[in-house]
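# Overview (structure and organization)
Below are the chains, spelled out letter by letter.
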Amino acid sequence: MALTLYNTLGREFQAFESLGPGKVGFYGCGPTVYNYAHIGNLRAYVLHDILVKTLTRRGYEVTYVMNITDVGHLSGDNDSGEDKMVKSAEERGKGVLEIADFYTQAFFNDTGRLNIERPTVVCKATDHIDAMISLIKRIEDRGFTYFSGGNLYFDVSRFPSYGDLALLRSEELRAGARTGLDENKRNPQDFVLWFTKSKFENQALVWDSPWGHGYPGWHIECSAMSMKYLGEQFDIHAGGIDHIPIHHTNEIAQSEAATGKHPWVRYWLHNEFLVIDKGKMSKSAGGFLTLQSLVDSGYDPLDYRYFLLSGHYRSQLQFSFEALDGARNARKSLIDRVKALAEKTGPILAFEEKNLQMGGKAEACKTSGYLETFDAALDEDLSTPKALAGLWALLRDTEAPPKKALEAAFTMDRVLGLALAKEAERVWNRKEDPDFIREITALIENRREAKKNKDFGKADGIREALKKRGIILEDGPTGTLWRRE
Ligand code: AMP
Ligand code: ZN
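Residues numbered from 1 in each chain as written. Chains lettered and ligands numbered in written order. Predicted model: local features only at pLDDT ≥ 70, side-chain atom pairs only at ≥ 80, totals over all residues. Heavy atoms only, no water.

Within the protein chain one finds 16 helices and 16 strands. A burial count over the protein chain gives 55% of its 485 residues as buried. Taking the contacts inside the protein chain whose residues are at least 6 apart along the sequence as the reference set, 76% of them involve residues at least 24 apart. Accessible area of the protein chain: about 21,000 Å², with a carbon and sulfur share of 50%. (Helix = DSSP H or I, 4+ residues; strand = E, 2+ residues; numbered from the N terminus. Buried < 20%, exposed > 50% of the residue type's maximum accessible area, 1.4 Å probe, protein only. Contact = heavy atoms within 4.5 Å. Areas by Shrake-Rupley, 256 points an atom, 1.4 Å probe, with all protein chains shown as cover.)

Written as structure tokens, this is what we have:
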């Protein structure tokens, strides 16, 4: 079976086909860094991670681009309200960029703890003002803009397919008109590409542009940065469902207006909300839960990851501490089973990276049936609840040879991201001195960094130095494992 994704554009399941052979360009809307991410936001990034890892397992080379919004995002997505970054900086008595740096780090700290892999490219809006200005010029040259009240607007009436993504009908368009009416707009859905007349005298960050001193609207950053890194047409774009009617609708309009190419993006994926007591968890409403608050209450971040995976990304997920307790217990049972297998096998030999892809050698074994079920689950529009059930079925099978079962579990976990190999490693390294384990772990981390920076000499040096001490490193499915010779 092929990977099937539910495409918001057209509202149907479609077999995934990449634009270029073996390569996928994916853009996921990143955080607005004026506050901590709440656990609802993190749902969006766990989906991105599952998507990337599912595609990687299917042999694609994925370029995953994520923006960091540090300018231009007003509290209303339709240009109404206050500037989120400026407001946060003022409240905290700090500079805007200082606030942005602080919450960007906090964001990656959270995603790291959730085993979400770093995107291939992370791009800050304030570093890409030139790309935004160039794109706006193209839109202007093609006649899609007007200047009014000091701001440059996109004229949606010039773009006939406006609203196709959101299936916007005229009554919804009128409903949109009621919120935050801006009298400079010719149509309520027109949106700002460049502000020069800020509503706020305290606008901290401004740049020169052909339209005057000012700053970009929020939507243009995603069009400019995605096209810079992925080309004028690319495969997949994702975000929360709140982005369908305004942000993504506007992104499509301005991108296709600029290039004249359709479709700009082939597949649109949107995650449903995490809700609490039937209400959407939101940053601006305040009173939200962060990952750290869960940790402070005694949960492991991966309990929360497990909780998220237990729901399908297109269904609303109701958060409660009872449900999180359930996830914690389930994860604990999972770990117990992995540890029991690890006791039986001793350290297992790693298998080569290419074998982790579907059809690889490691799968020609008794457990391949479970892997097939697992992959079929992800093929069904990334059904993580079914994929988790596949992992459970494997680990419940007392007949499965332990080594094969563990290898298959680690292979599945390469997508699920529950750090099962680390748990097995705890068993294998139990008798070691904790300080020694810490030292080896730090060296493994240095080697990983060196490899990431393509400093293979240094990486090999670390491996060799450890070998001299009788420690063998094995690059396995969920990272590097070590064992004594
Ligand atoms: P923001 O940092 O506000 O731009 O949002 C980051 C991402 O989180 C976006 O993709 C939003 O659509 C998504 N998001 C916001 N609130 C929720 C929620 N309660 N549940 C799931 N996703 C959300
Ligand atoms: Zn975006």
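A word on the packing of helix 11 (residues 368–379) against helix 12 (residues 384–396). At a minimum axis distance of 7 Å, the contact between helix 11 and helix 12 shows a crossing angle of 170 degrees. With respect to helix 12, the axis of helix 11 lies roughly antiparallel. Together, Tyr370, Phe374, Ala377 and Leu378 of helix 11 and Thr384, Lys386, Ala387, Gly390, Ala393 and Leu394 of helix 12 make up the contact between the two elements. Along the lines of polarity and charge, the residues of the contact of helix 11 with helix 12 split into 7 nonpolar, 2 polar and 1 charged. (Axes fitted to C-alpha atoms, helices over the stretch in contact; angles between N-to-C directions. Parallel < 35°, antiparallel > 145°, perpendicular 65-115°, else oblique. Nonpolar A, V, L, I, M, F, W, Y, C, P; charged D, E, K, R; others polar.)

Bringing the pattern of salt bridges into the picture now. Evaluated as defined, the whole model comprises 27 salt bridges. In this structure, Arg138 and Glu232 form a salt bridge, with 3.0 Å as the shortest nitrogen-oxygen distance. With a gap of 94 residues between them, Arg138 in helix 4 (residues 129–141) and Glu232 in the loop between helix 6 (218–230) and strand 10 (234–240) connect regions that are remote in the sequence. In this structure Glu232 comes out as partly exposed when scored by relative accessible area, which is 25%. One salt bridge in this structure joins Arg331 and Asp300, with 3.3 Å as the shortest N-O distance. (Salt bridge = Lys/Arg side-chain N within 4 Å of Asp/Glu carboxyl O.)

Overall, antiparallel pairing links the 4 strands, which are arranged 6-7-8-9 in an open sheet. Two strands lie at the open edges of the sheet, namely strand 6 (145–148) and strand 9 (215–216), each paired on one side alone. Of the pairings in the sheet, the one linking strand 7 (residues 151–154) to strand 8 (residues 191–195) comprises 4 bridges and is antiparallel in character. Counted as the bridge partner of Phe154 is Phe191 from strand 8. Sheet strands in contact with helix 4 are strand 6, strand 7, strand 8 and strand 9, and its direction is about 125 degrees off that of strand 8. (Pairing = 2+ DSSP bridges.)

Within strand 3 (residues 23–28), 5 of the 6 residues are buried, leaving the element largely enclosed by the surrounding structure. By the bridge criterion, 6 bridges tie strand 3 to strand 4 (residues 61–68) in an arrangement that is parallel. Residue pairing in the sheet places Tyr27 in a bridge with Val65 of strand 4. In this fold, strand 3 hands off to helix 1 (residues 39–57), which returns the chain to strand 4; that crossover is right-handed. Pairing analysis gives 3 bridges linking strand 3 to strand 10, with the strands arranged parallel. What sits directly across from Tyr27, in strand 10, is His237. (Right-handed = clockwise from strand over helix to strand, strands pointing away.)

Turning our eyes to something else, we now look at unusual backbone geometry. A cis amide bond, omega -5 degrees, links His262 with the succeeding residue Pro263. Along the chain, Pro263 turns up in the loop between helix 7 (244–259) and strand 11 (265–271). Unlike most non-glycine residues, Ala419 shows phi in positive territory, near 55 degrees. Checked against the element boundaries, Ala419 lands in the loop between helix 13 (402–416) and helix 14 (420–428). Residue Lys454 is not a glycine yet carries a positive backbone phi of 60 degrees.

Here we come to the coordination of the zinc ion (ligand 2). Coordination of the zinc ion (ligand 2) by the protein comes from Cys29 (SG), Cys222 (SG), His247 (NE2) and Glu251 (OE), over a distance range of 2.0 to 2.8 Å. Around the zinc ion (ligand 2) sit 4 donor atoms, and with donor-metal-donor angles ranging over 68 to 130 degrees the site reads as irregular. One chain supplies every donor for the zinc ion (ligand 2), spaced along it as C-x192-C-x24-H-x3-E. Here Glu251 and His247 lie together in helix 7, a separation of 4 residues that amounts to about one turn. With a relative accessible area of 0%, Glu251 lands in the buried category. (Donors = N, O, S within 2.8 Å, 3.2 Å for Na, K, Ca; no water. Tetrahedral: all angles 85-135°; square planar, octahedral: opposite > 155°, others 65-115°.)

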